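Fold and geometry: a report
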Amino acid sequence: MASTSVAGIDVVAAPNTQEVIITRTFQASRERVFKVYTDPARIPKWWGPARLTTVVETMEVRPGGRWRHVQSEADGTEYAFHGVYHDVVAPERLVNTFEYEGAPGQVSLDCTTFAETGGTTTVSIHSVFPSVGARDAMLQEGMTDGLAESMRRIDDLLAGS
């Protein structure tokens, strides 16, 4: 996969690189979009597929702060994710690690930037994986579809807030 667009999300995953670059524009100020990304009360309203229930166990949005989210299926199956914030510059940038606990050791480093132009905010996520294989596995496991659903849910949240 080199480049694709799904539901308004541009995804660039150049061959033989460890990176994925995701870009999506929202019809809201960057302060509002940044708050959606950093408010523990809002995360369950948009993070991941709507069929799952998301619980924010920890979310310390500051350099050195930890985060952990647990998602549950209706049958009780759980999926947990965690990381550490390395840089937080409100409302411009978040830098954090991301690890799915079902695939330990496959940690990505994500830099998310928020750029506002004329009342719209473009969110760019630059993810670097430990290997090309780890990056490709995430893409094959539905990373793009999951992101598309999350971004649609953010649109709904911003429209209602």
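Okay, so let's go over this structure. (Residues numbered from 1 in each chain as written. Predicted model: local features only at pLDDT ≥ 70, side-chain atom pairs only at ≥ 80, totals over all residues. Heavy atoms only, no water.)

1. Considering the packing of aromatic side chains
Our working definition: We call Phe, Tyr and Trp rings a pair once their centres come within 6.5 Å, taking the six-membered ring for Trp, and we label the pair stacked below 30 degrees between planes, edge-to-face above 60, and tilted otherwise. Strands are runs of DSSP state E lasting at least two residues, helices are runs of H or I lasting at least four, and both sets are numbered from the N terminus onward. The buried label applies to any residue whose accessible area, calculated with a 1.4 Å probe on protein chains only, is under 20% of its type's maximum; exposed applies above 50%, and partly exposed to all values in between.
Counting across every chain of the model gives eight aromatic pairs. Ring geometry for Trp 47 against Trp 67: centres 6.1 Å apart, planes inclined by 70 degrees, an arrangement best described as edge-to-face. A residue pair is termed long-range when its members are at least 10 positions apart, and Trp 47 in the loop between α1 (30–38) and β4 (53–59) and Trp 67 in strand β5 (residues 66–72) qualify at 20 residues. The same class applies to Trp 47 and to Trp 67, which are both buried. Through a chain of ring-to-ring contacts, the aromatic side chains of Trp 47, Trp 67, Phe 81, Phe 98 and Tyr 100 assemble into a single cluster.

2. Brief notes about the side chain of Arg 153
Note the threshold: Counted charges follow a simple rule, with Lys and Arg positive, Asp and Glu negative, and His plus the chain ends left uncounted. Throughout this description, the term salt bridge denotes a Lys or Arg side-chain nitrogen within 4 Å of a carboxyl oxygen of Asp or Glu. Any two residues having at least one pair of non-hydrogen atoms within 4.5 Å are treated as being in contact.
Here Arg 153 lies in helix α3 (residues 143–160). Buried and unpaired, Arg 153 has no salt bridge, with Glu 149 as the nearest side chain of opposite charge at 5.2 Å. Aside from chain neighbours lying at most four places away, what touches Arg 153 is Pro 44, Lys 45, Trp 46, Trp 47, Gly 48, Pro 49 and Ala 50.

3. Concerning the nonpolar core
The test is simple: What is meant by a nonpolar core is a set of buried Ala, Val, Leu, Ile, Met, Phe, Trp, Tyr and Cys residues, joined one to another through side-chain atoms within 4.5 Å.
Judged by nonpolar contacts, the single largest core of 34 residues is most densely connected at Val 20, Ile 22, Val 33, Tyr 37, Trp 46, Met 151 and Ile 154. Among the elements of the structure, β2 (9–12), β3 (19–26), α1, β6 (78–89), β7 (93–100), β9 (120–128), α2 (132–140) and α3 are those that each provide at least two residues to this core.

4. Points about unusual backbone geometry
Here Ala 90 and Pro 91 are connected by a cis peptide whose omega angle stands at -10 degrees. Topologically, Pro 91 is positioned in the loop between β6 and β7.

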